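# Structural overview
Here's the letter readout for the chains.
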Amino acid sequence: MDTLKLGPNGGLIYCIEYLEKNIDWLQTQLCKFKDHYLLFDCPGQVELYTHHKSVKNIFAQLLKWDFRLAAVHLVDAHYCCDPSKFVSVLLTSLSTMLQVELPHVNVLSKVDLIQQYGKMAFNIDFYTDVLDVEYLLDRLQDDPFTAKFKQFNKALCGVVDDYSLVSFNTLNIQVGEGFICNVLLLLQ
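Every chain is numbered independently, its residues counted from 1 as its sequence is written. The predicted nature of this model means local features are confined to residues of pLDDT at least 70 and side-chain atom pairs, given and counted, to a pLDDT of 80 or more, with totals for whole chains, interfaces and linings taken over all residues. Note that water and hydrogens are dropped before the side-chain values are worked out from all heavy atoms of the structure.

### Some thoughts on the sheet that holds strand β2 (residues 104–109)
Between any two strands, at least two bridges found by DSSP are needed for them to pair. Put simply, DSSP H or I for four residues or longer makes a helix, DSSP E for two residues or longer makes a strand, and each gets a number counted from the N terminus. Here three strands make up an open sheet; going across it, the order is β1-β2-β3 and the pairing parallel. Among the strands making up the open sheet, the edge pair consists of β1 (71–76) and β3 (169–170). Pairing of β1 with β2 involves six bridges; the strand directions are parallel. Considered in β2, the bridge of V72 is made with V105.

Have a look at this one:
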């Protein structure tokens, strides 16, 4: 990053573009593990998945090589405590799902810590099942900043409801390995 005078996000974009240009190297490395499950722990910068093509192109190439792929998108559960942030998470999840074009499992992580961040407006099922998101509109009107965007917020909630693609599983570290088994079953 120092040599190229790139910041953290620029460095990530440079690296993913470099990997895309050197995809043959990746193929050589991955073929060593053809009969294994592989986990790509990707960085959390959503730009790489929401509106940049390199990750999508790499995934497309892996599919051409007969790798079976699925995406697991982890989101901190504390976003459920703030309606505007939760709507933002829903839109990011939806955008990522549409952009990467893979079977997709969304996960609310750190559910065991959620009470530390405040009170949720609804029970956890509302957030995992993404039931009628427009119920959040009343909560958004309570905030002076978001209240002035009433029509915009309504349209955003409508987009999420209309697609009906976003839902979440929960990750509670206190539960143990059961979660991992559940996600593997969902992915298969």
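### Looking at the nonpolar core
By convention a nonpolar core is built from buried Ala, Val, Leu, Ile, Met, Phe, Trp, Tyr and Cys residues, the set being connected through side-chain atoms within 4.5 Å. Per-residue accessibility, obtained with a 1.4 Å probe over protein chains only, is compared with the maximum for each type, and a residue is labelled buried under 20%, exposed over 50%, and partly exposed between these values. Judged by nonpolar contacts, the single largest core of 26 residues is most densely connected at L90, L108, V133 and F168. Listing elements by their share of this core, those giving two or more residues are α5 (83–100), α6 (124–129), α7 (136–142) and α9 (150–163). Note on contacts: a residue pair is in contact if any heavy atoms of the two residues lie within 4.5 Å. The residues touching V133, leaving out its near neighbours within four places in the chain, are V87, L90, F126, C157, V160 and D161. In this structure, L26, L62, A71 and V100 belong to the second largest nonpolar core, which totals 16 residues.

### Points about the pairing of β2
Among the six residues of β2, six are classified as buried, and the element is accordingly described as predominantly covered. A two-sided burial pattern is seen for β2, the buried positions comprising H104, N106 and L108 on one face and V105, V107 and S109 on the other. A clockwise course of the path from the first strand over the helix to the second, judged with the strands pointing away from the viewer, identifies a crossover as right-handed. The β-α-β motif built from β1, the intervening α5 and the parallel element β2 has right-handed crossover chirality.

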